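Below are the chains, spelled out letter by letter.
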Amino acid sequence: MSQSTKLLEPYKLGPLTLPNRLVMAPLTRNRAVPPGMVPSPLAVDYYGQRASAGLLITEASQVSQQGQGYQDTPGIYSKEQVEGWRKVTDRVHERGGRIFIQLWHVGRISHTSLQPNGGAPVAPSAIRAKGKTFVNGTFADVSEPRALELSEIPGIIEDFKRGTANALAAGFDGVEIHGANGYLLDQFARDGTNKRTDAYGGGIENRAKLMLDVSKAVAIEAGADRTGIRISPVTPANDITDSNPQALFDYIVGQLSALKLTYLHVVEGATGGPRDIAPFDYASLRKRFKQAYVANNGYDFALAEKVLEAGAADLIAFGKPFISNPDLVERLKAGAPLNEWDKATFYGGGAKGYTDYPTLKATEAAE
């Protein structure tokens, strides 16, 4: 590809100037160190290697122990976790990068073995998801959840607020709220998972309320210009459904735009799957959201270029290509081939398939 590609143009995102429009998508890698769920020294290398991305978004990081759904995912609620993440942000900044953390609460997609005192995972309603999670080195059915009491909801919002304050203390340039892929905020928004009859259930406005309340709290803590959010309107991930996703997400996105969040990160289609799984008008979201639109899911450089040229997105998030190509930006500039990724090493393990993918320079030097 030529140097003039739109992907390689700088972009102003709030107070940050991104050197290019490639975003490294949040990618769960299950390599935090138990029992404290602290990012490992390998994470420092992993994110540091990828610092040439326009923006790095970390793997989803739980805002409380209750928010954890899989083994060995990092948190952002303890002093030790903040110190671990500080080493990551220091390395990324030393290399000229910019990094946001993704804040996560999985809700019902969890297992009693991960929950405080072995309790049930929490959800908008006590409906068990059809699906599995990864715990104790194996895949297990997710546990039966319990419905959150109305009195507990302010505590959930507070957990996101505290996670945001901790992220800033750890040196992050901003935060991304995880409102996608069938996790807690998404569970509240959808009528397939939310059967509540209180202020957080019923019509679209009520079901959207938790996602919007969290967004307000986070934006106040971090500044709206350092707050992004991720949504996935039609994904079936984690057994999530809604009878009218277009109306739901048109409403949510209009409200998010009014909060002036710095970006909207949209998983188009099925997460990690077909882009055309269900009809949806993403241009409607683009029209409603006045700040940056980040497009995600199954993008190659050609599709990314086409979408940017058409003005249908401002930034493009890449996932798997960043796993296997720490120097993805440099490879794009050079028109060089990409390393293939190894699915077997995506989740858990050590340096293999994490920090040992070769750069173009290293490959050429070895030849």
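Small disclaimer: the values here were computed from a predicted structure and weren't measured.

**Let's talk about the overall build of the protein chain**
1) Next: For the protein chain, the count of helices and strands is twelve helices and 14 strands.
2) Next: Here the protein chain has a C-alpha radius of gyration of 19 Å; the compact-globule value for 367 residues is 21 Å, and the two agree.
3) Next: Dimensions along the principal axes, computed over C-alpha positions, put the protein chain at roughly 60 × 45 × 35 Å.
4) Next: Looking at the protein chain residue by residue over its 367 residues, the buried ones come to 59%.
5) Next: In the protein chain, once contacts between residues fewer than 6 apart in sequence are set aside, the share between residues at least 24 apart is 73%.
6) Next: Total accessible area computed for the protein chain in this model is approximately 14,000 Å², and 54% of it derives from carbon and sulfur atoms.

**Brief notes about the pattern of salt bridges**
1) Next: Scanning the entire structure with this criterion turns up 18 salt bridges.
2) Next: Note that Glu152 is salt-bridged to Arg146, the shortest N-O span being 2.8 Å.
3) Next: On the basis of relative accessibility, which here comes to 24%, the residue Glu152 falls in the partly exposed class.
4) Next: Two residues, Asp314 and Arg286, come together in a salt bridge whose shortest N-O distance is 2.6 Å. With Asp314 in the loop between α9 (301-309) and β14 (315-318) and Arg286 in helix α8 (residues 282-288), the pair connects residues that are 28 residues apart, well separated along the chain.
5) Next: With relative accessibility at 11%, the residue Asp314 sits in the buried group.

**Digging into helix α1 (residues 41-49)**
Note: α-helices contain 3.6 residues per turn, so residues at a spacing of three or four share the same orientation.
1) Next: If you check which residues of α1 are buried, you get Ala43, Val44, Tyr46, Tyr47 and Gly48.
2) Next: Where α1 is buried, its residues contact β3 (22-24), β4 (55-62), α2 (79-94), β5 (99-104) and α10 (320-324).

**Here's the deal with the pairing of strand β12 (residues 263-267)**
1) Next: The buried fraction of β12 amounts to five of the five residues, a majority that puts the element mostly inside the structure.
2) Next: Of the two faces of β12, the one lined by Tyr263, His265 and Val267 and the one lined by Leu264 and Val266 are each fully buried.
3) Next: Across four bridges, the pairing between strand β11 (residues 227-231) and β12 is parallel. Looking at the pairing, Arg230 lines up with His265 of β12.
4) Next: Handedness of the crossover joining β11 and β12 through helix α7 (residues 245-258): right-handed.
5) Next: Here β12 runs beside strand β13 (residues 292-296); their pairing, made up of five bridges, is parallel. By the bridge assignment for β13, His265 is matched with Val294.
6) Next: On the question of chirality, the crossover connecting β12 to the parallel β13 by way of α8 is right-handed.

**Brief notes about the pairing of β5**
1) Next: Of all six residues in β5, six are buried, a share of seventy percent or more.
2) Next: Along β5, one buried face is formed by Ile99, Ile101 and Leu103 and the opposite face, lined by Phe100, Gln102 and Trp104, is buried too.
3) Next: Two elements, β4 and β5, share five bridges in a ladder whose sense is parallel. Within β5, the position partnered with Ala60 by the bridge is Gln102.
4) Next: As a crossover connection, the stretch from β4 through α2 into β5 is right-handed.
5) Next: Note that β5 and strand β10 (residues 174-178) share four bridges and pair parallel. Bridged to Ile101 within β10 is Val175.

**Focus on the sheet that holds β10**
1) Next: In space, the eight strands of this closed barrel follow the order β3-β4-β5-β10-β11-β12-β13-β14, with parallel pairing throughout. On average, each strand axis in the sheet is inclined to that of its neighbour by 25 degrees, with strand direction left out of account.
2) Next: Direction of pairing for β3 relative to β14: parallel, over a ladder of three bridges. Its bridge partner lying in β14, Leu22 is registered against Ile316.
3) Next: Sheet strands in contact with α2 are β4 and β5, and its direction is about 150 degrees off that of β5.
4) Next: Together, β3 and β14 form the strand contacts of α9, whose direction differs from that of β14 by roughly 160 degrees.

Cut-offs applied
- All chains use their own residue numbering, which begins from 1 and follows the written sequence.
- Per-residue local features are limited, in this predicted model, to residues with pLDDT of at least 70; the limit for side-chain atom pairs, both in listing and counting, is 80 or more; totals at the level of whole chains, interfaces and linings are taken over all residues.
- Only hydrogens and water are removed before side-chain values are computed, so all heavy atoms of the structure are retained for them.
- Put simply, DSSP H or I for four residues or longer makes a helix, DSSP E for two residues or longer makes a strand, and each gets a number counted from the N terminus.
- We compute the radius of gyration over the C-alpha atoms and compare it with the globule rule, which gives 2.2 Å times the number of residues raised to the power 0.38.
- Each residue is assigned to one of three classes by its accessible area relative to the maximum for its type, calculated with a 1.4 Å probe on protein chains only: buried under 20%, partly exposed between the two thresholds, exposed over 50%.
- Any pair of residues with heavy atoms lying within 4.5 Å of one another is described as a contacting pair.
- What sets the accessible areas is the Shrake-Rupley method with a 1.4 Å probe; for residues, cover comes only from the shown protein chains.
- By definition, a salt bridge exists where a carboxyl oxygen of Asp or Glu is found within 4 Å of a side-chain nitrogen of Lys or Arg.
- The rule for pairing is simple: two strands pair if DSSP sees at least two bridges between them.
- A right-handed crossover is one whose linking path, passing over the helix from the first strand to the second, runs clockwise when the strands point away from the viewer.
- Here an angle of 0 to 180 degrees is reported between the N-to-C directions of two axes, which are lines fitted to C-alpha atoms, with helices fitted over the stretch in contact.

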